[in-house]
Structures are given as structure tokens and as C-alpha cells.
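Residue-level listing of the chains:
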Amino acid sequence: MALNDNAVYIPGTGRMYLAPAETEKPASLTAPAAPWEELGHTSREDGLTITRDGGDSEFLGTWQNPQLRERRDPTTFAITMYLQQVDNTTLGLYFGGGDSSVAGEFGVTGAVGTTETALYVRIIDGANEVGLYVPKVSVASEDDVEIDVEGFLSLPVRCTVLGVTGENLMTWLADHLGAP
């Protein structure tokens, strides 16, 4: 493997976009167009976290060969972010929906659920960029909302990656990836 200085990123800025679940990746990776909509301000301090849960292995064996096979549990991926723009979209993602039918109000209803959507993340390092496309995630609140006079109000949400038959769970996008 050759050294490639352009494949090393300092995620200085980023942008996140949502579209209806199972929407194809954006045609323009640097300027996503409709139906992709920018999510708004997110936390620079807390960043974005991609977690992996499960995938634990267990060895199955026989009396003659104690490590004959390895079996792995399914793996679940999730992306956690802290939404800092307070609007109908971000409140709906955090509270699992809500009532925005009255001007100047967002009502939190008792029916808390999740929102399924497609997610596209641009990770920007000056002129270098890498993208992450996820055809389907289930978005729900991840933690408590902390109101701190020293920082921005944040709505922590977790986007659990869901499978779409015949599609990759996630796709990383950059000029140097994939077949030459």
C-alpha cells in the first residue's frame, strides 16, 4: 500500500444532510441537491461518533479440534451527533416527532418514536473531503439535553444504521477509494 497524503483527514468542518430513507447517494458529493436537506448546526466540540456494537466471536469446537469454527454475532453500527440548531426538524428527531402545526410552537407529544431517514455526512479538511452515505438510519434521542450557560444547547441523537436489502450498510466516498 502506497502512502497517500490526501487520504489523511483532519475533520475541521463538516455538514450533514437528510433525505427520505433509501434515497440514492447525492449526485454531487460537495453540493447535495433536493431531496437532500442540510441538517443545520451540530456540535464542533462533541463531533460525530461512529460506534460498533456486537460482532463478538465465539469459537465452536469438537473434542478433536476445540477451535474448529468461529461464529460472530451480528454487528450494529450507529452514528451519534449533537444537534445545536433548534428547529422543527431537530426537535422532531430528538423527540421522535411532534406538533409543529401552530406558528411559533413545537409541541412535544406523548407518542415518542423514531424517524427513519437517509444520512449523508461530508467531512471537510480544506480542499480534501470524504463522505459517508447511509441509505437508512433510525434516529432517536441518545441522552439528556443539558443546558449549560457556557455552551450551545445540544440535542444528542443516535442514528442506528439499518440494513436495506441489496445495499451496503454504509458507503465511504472519496476520489481515491474503490477501483482505480
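Everything numeric here is computed off the predicted structure, so don't read it as measured data.

*Asks:* Can you explain the nonpolar core? Please cite residues and give values.
*Replies:* Ranked by size, the top nonpolar core spans 24 residues in total, and within it Met81, Leu119 and Val134 carry the most contacts. Of all the secondary structure elements, the ones that give two or more residues to this core are strand S1 (13-20), strand S6 (75-83), helix H1 (88-95), strand S7 (115-125), strand S8 (128-141) and strand S9 (155-161). Counting residues per element, this core draws most heavily on S8, at 5 residues. Not counting residues up to four positions away in its chain, the partners in contact with Leu119 are Tyr17, Leu18, Trp36, Ile79, Met81, Leu132, Tyr133, Val134, Val137 and Cys159. Core analysis: the next-biggest nonpolar cluster, separate from the first, contains 7 residues, Ala19, Trp36, Tyr120 and Leu173 among them.

*Asks:* Quick one: what's the story with the side chain of Ser154, residue by residue and with numbers?
*Replies:* Here Ser154 lies in the loop between S8 and S9. For Ser154, a relative accessible area of 9% gives the class buried. At 2.9 Å, the side chain of Ser154 and the side chain of Gln84 are in polar contact.

*Asks:* Could you give an account of the side chain of Thr23, naming the residues involved and the relevant values?
*Replies:* On the secondary structure map, Thr23 appears in the loop between S1 and strand S2 (37-38). Note on Thr23: relative accessible area 15%, which makes it buried. When sequence neighbours within four positions are dropped, the list of residues in contact with Thr23 reads Pro35, Trp36, Ala118, Tyr133 and Pro135.

*Asks:* Can you tell me about the pattern of salt bridges, naming the residues and giving the values?
*Replies:* Inspection of the entire model under this criterion finds 7 salt bridges. Glu58 is paired through a salt bridge with Arg71; the nearest N and O atoms lie 2.7 Å apart. Of this pair, Glu58 sits in strand S4 (residues 57-60) while Arg71 sits in strand S5 (residues 69-72), placing them 13 residues apart in sequence. For Glu58, a relative accessible area of 37% gives the class partly exposed. In this structure, the salt-bridge partner of Arg122 is Glu129, at a minimum N-O distance of 2.7 Å. On the basis of relative accessible area, Glu129 is assigned to the partly exposed category, the value being 21%. Where salt bridges share partners, they join Glu22, Glu116 and Lys136 into one cluster.

Parameters at a glance
- Residue positions are given per chain, counted from 1 along the sequence in the order it is written.
- For this predicted model, a pLDDT threshold of at least 70 governs which residues receive local features, and a threshold of 80 or more governs which side-chain atom pairs are given and counted, while totals over whole chains, interfaces and linings are taken from all residues.
- By convention in this description, side-chain values take in all heavy atoms of the structure and omit both hydrogens and water.
- The nonpolar core is taken to be a set of buried Ala, Val, Leu, Ile, Met, Phe, Trp, Tyr and Cys residues, with the residues joined through side-chain atoms within 4.5 Å.
- For every residue, the accessible area (1.4 Å probe, protein chains only) is compared with the maximum for its type, and the residue is labelled buried under 20%, exposed over 50%, or partly exposed between those bounds.
- Counting from the N terminus, the helices are DSSP H or I runs at least four residues long and the strands are E runs at least two residues long.
- Should any heavy atoms of two residues lie within 4.5 Å, those residues are considered in contact.
- In protein, a polar contact means a hydrogen-donor-capable atom and an acceptor-capable atom, both N or O and within 3.5 Å, with residues adjacent in sequence counting only if both atoms are side-chain atoms; elsewhere, any N or O pair within 3.5 Å suffices.
- Each reported salt bridge corresponds to a side-chain nitrogen of Lys or Arg within 4 Å of a carboxyl oxygen of Asp or Glu.

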